[in-house]
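Structural overview
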Amino acid sequence: MKLTMAQKILQAHTDQEITAANQIVQCEVSLVLANDITAPLAIKSFTAMGADAVFDRDRVALVMDHFTPNKDIDSAEQVKFVREFAREKGVTHYYEGGDCGVEHALLPELGLVAPGDIVVGADSHTCTYGGLGAFATGMGSTDVGGAMALGATWFKVPPTIRVEFTGSLGEHVTGKDLILFLIGQIGVAGARYKALEFCGPVVDRLSVEARMTIANMAIEAGGKVGLFASDAKTLEYCRAHGRMGAVALAADPGAEYDRELSFDVTGMSPQVACPHLPENVRPVEELADLAVDQAVIGSCTNGRIEDLRAAAAVLRGHKVSSRVRCVVLPATPGIWKQALKEGLLETFMDAGCVVGPPTCGPCLGGHMGILAGGERAISTTNRNFKGRMGSLSSEVYLASPAVAAASAVTGLITHPGKL
Amino acid sequence: MNYAGKAHKVGDHIDTDAIIPARFLVTTDPGELGANCMEGLEPGWIKRVAQGDVLVAGENFGCGSSREHAPIALKGAGIPVVIAHSFARIFYRNGFNMGLILLEVGDDAARLHDGDELVVDVDAGRIENRTTGETIDCAPVPPFMKEILNKGGLVPYVKAKLAAA
Ligand code: SF4
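1. Section: the overall build of chain A
When you go through chain A residue by residue, the secondary structure sums to 14 helices and 18 strands. The C-alpha radius of gyration computed for chain A amounts to 20 Å, which stays within 12% of the reference 22 Å derived for 419 residues, consistent with globular compactness. Summarising its shape, the C-alpha atoms of chain A cover approximately 60 × 50 × 40 Å along the three principal directions. Buried residues in chain A amount to 61% of all 419 residues. Relative to all contacts within chain A whose residues are 6 or more apart in sequence, the contacts with residues 24 or more apart total 76%.

2. Regarding the site of the ligand
Residues and elements named next belong to chain A. Surrounding the ligand, one finds 13 residues, the nearest of these being His125, Cys300, Cys360, Cys363 and Asn382. Elements supplying a minimum of two residues to the shell around the ligand: α4 (103-109) and α10 (299-302). For the shell around the ligand, the class distribution of residues is 5 nonpolar, 5 polar and 3 charged. If you count residues domain by domain, the shell around the ligand takes at least three from each of domain 1 (5-263) and domain 2 (271-418).

3. Overview of helix α3 (residues 69-76) of chain B
Burial runs high along α3(B): 6 of the 8 residues are buried. Taken from the residues just after α3(B), Gly78(B) is the one with a positive phi, measuring 90 degrees.

4. Describing the pairing of strand β15 (residues 325-329) of chain A
All names here are of chain A. Along β15, 4 of the 5 residues are buried, which leaves the element largely enclosed by surrounding structure. For strand β14 (residues 294-298) and β15, the ladder comprises 5 bridges, and the chain directions are parallel. Across the sheet, glycine 298 pairs through a bridge with leucine 329, a residue of β15. One ladder, built from 2 bridges, connects β15 with strand β16 (residues 354-355); its direction is parallel. Paired with valine 327 across the two strands is valine 354, which belongs to β16.

5. Some details on the domain arrangement of chain A
All names here are of chain A. Splitting chain A by domain gives domain 1 (5-263) and domain 2 (271-418). Once you take the C-alpha centre of each, domain 1 and domain 2 turn out to be 24 Å apart. At the interface, 38 residues of domain 1 touch 40 residues of domain 2. Where domain 1 abuts domain 2, roughly 3,000 Å² becomes buried across the two surfaces, and 61% of that area is made up of carbon and sulfur atoms. Its salt-bridge partner being glutamate 220, residue arginine 383 comes within 2.7 Å of it at the nearest N-O pair. At the junction of domain 1 with domain 2, the criterion picks out 21 residue pairs in polar contact (both at pLDDT 80 or more). Secondary-structure elements contributing two or more residues to the side of domain 1 that touches domain 2 are α4, α6 (175-186) and α8 (208-216). Ranked by the residues each element gives to the side of domain 1 that touches domain 2, the list is headed by α6, at 6 residues.

Definitions and cut-offs
- Residues numbered from 1 in each chain as written.
- Chains lettered and ligands numbered in written order.
- Predicted model: local features only at pLDDT ≥ 70, side-chain atom pairs only at ≥ 80, totals over all residues.
- Heavy atoms only, no water.
- Helix = DSSP H or I, 4+ residues; strand = E, 2+ residues; numbered from the N terminus.
- Rg over C-alpha atoms; globule rule 2.2 N^0.38 Å.
- Buried < 20%, exposed > 50% of the residue type's maximum accessible area, 1.4 Å probe, protein only.
- Contact = heavy atoms within 4.5 Å.
- Near = heavy atom within 4 Å.
- Nonpolar A, V, L, I, M, F, W, Y, C, P; charged D, E, K, R; others polar.
- Domains from an automatic or database assignment.
- Pairing = 2+ DSSP bridges.
- Buried area = accessible area lost by both parts, 1.4 Å probe.
- Salt bridge = Lys/Arg side-chain N within 4 Å of Asp/Glu carboxyl O.
- Polar contact = N/O pair within 3.5 Å; in protein donor to acceptor, adjacent residues only side chain to side chain.

What follows is the structure in structure tokens.
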């Protein structure tokens, strides 16, 4: 049988023969992940299962990224509970302090994910690693507790929607704009239970970081995974991040797809998702002149070095509007340090941005940039549900780093080309 | 595994808040959760259900949050099997993990009506509608997932697996 990317990766991790979509297979997993919100519950399930050791101390990652540095007593208690578990079980990849960053930016950077891996995480944006060609997906806490104990779990083989992008991207149009555009086209349930597989000349030209931005938001279309073939760029990324032995991986020619979509993106504008669903997508021009109170540049979607470079390029020589708080959160300490070296942090500070530590922070309305009632934010994050960044009457508009930066300068939603 | 019971039908896109509203999430006890099952859909809904009855649902059953309390509430209400047009992904996982049997039948869900007497053969993947005389075939539950169900869910399943190792 000719296999899609998703089928191929699952097949490599199971003894059962994959013969059709929707079949259920038992697979070994490469890495199991949980964060400061979900790990405590997963650990409770793990303990109830009577497990006393994790399946592999080098293949469990516990990343305390959501509320750290701990914002209050409750979050400190949660982290303490996980830290004690990590120490007791000898978990190698426990991150909390100066080595900690947003989980989905951190793990690829540490070389913990490679093409063909299966990663399960108690976090819905685990799908980010599809940008590297890994089958990575979010699950409930008991599932993740079980995977921590057994190193295996079950999957329903997803049907795949193949998405091809042709043509060429204009200036200031990025991976974020491509995924927002797609979600606008197929809707928040458009890929429910399915795998998305991205291809085409535009995708081939994208950097690995941009691919991760796209894969990150597969879940916003209801998808289980968002997959990219791994090519020379992927292998170079893996090598540069200390992951040796990565191999190129692609779907078999002639594999069977549930649906095939193709978009010519030539002439496409930067895209913005309006409240309160990621599918409410419009070209940036249509929202011009909508005032914003806050701009957030960061998160597992757009907090990587390329994103900071794009934002700094727009901000250089400009000042953030006196009406706007612009919060920049490099997603990992590695990215922070690189941005420091390149002078990007200085650019941000000269422009009047707040530069914070690597944390999820305001993305989920945790801390470091919460919105008051009636306030509006433009944000490079991935969800704009009601109240996601603070008050139930606040609003979040999702966009690329360049659009967020341009909007911070004018105080209005702005096409970066207009500055 | 065979189950016989009366069908209770609900609509499309029944979310986890309908199955068990957030105000009842102060416990994980199946009995307590079961007593409030579907409280978010219709107050007192549970009174019509007898032990062993079958829930029949439309599209995307269990959408919404990843709360594992939803399948626990259904099991606690005495419902061993849910037949649906389709399930939301995380609910589908959580269902099996909590020991609830889920059968996806697509458009055939429309051939099952409220009050129909059903016999469900999980091994064969067959639903016999004694009221209409019709039979619906669906994919049988795969062997190792049946193992999870036989053990009563993922926690006891992993527990047994670890004990045997
Ligand atoms: S940055 Fe936002 S979306 Fe990403 S893991 Fe953190 S809270 Fe979740």
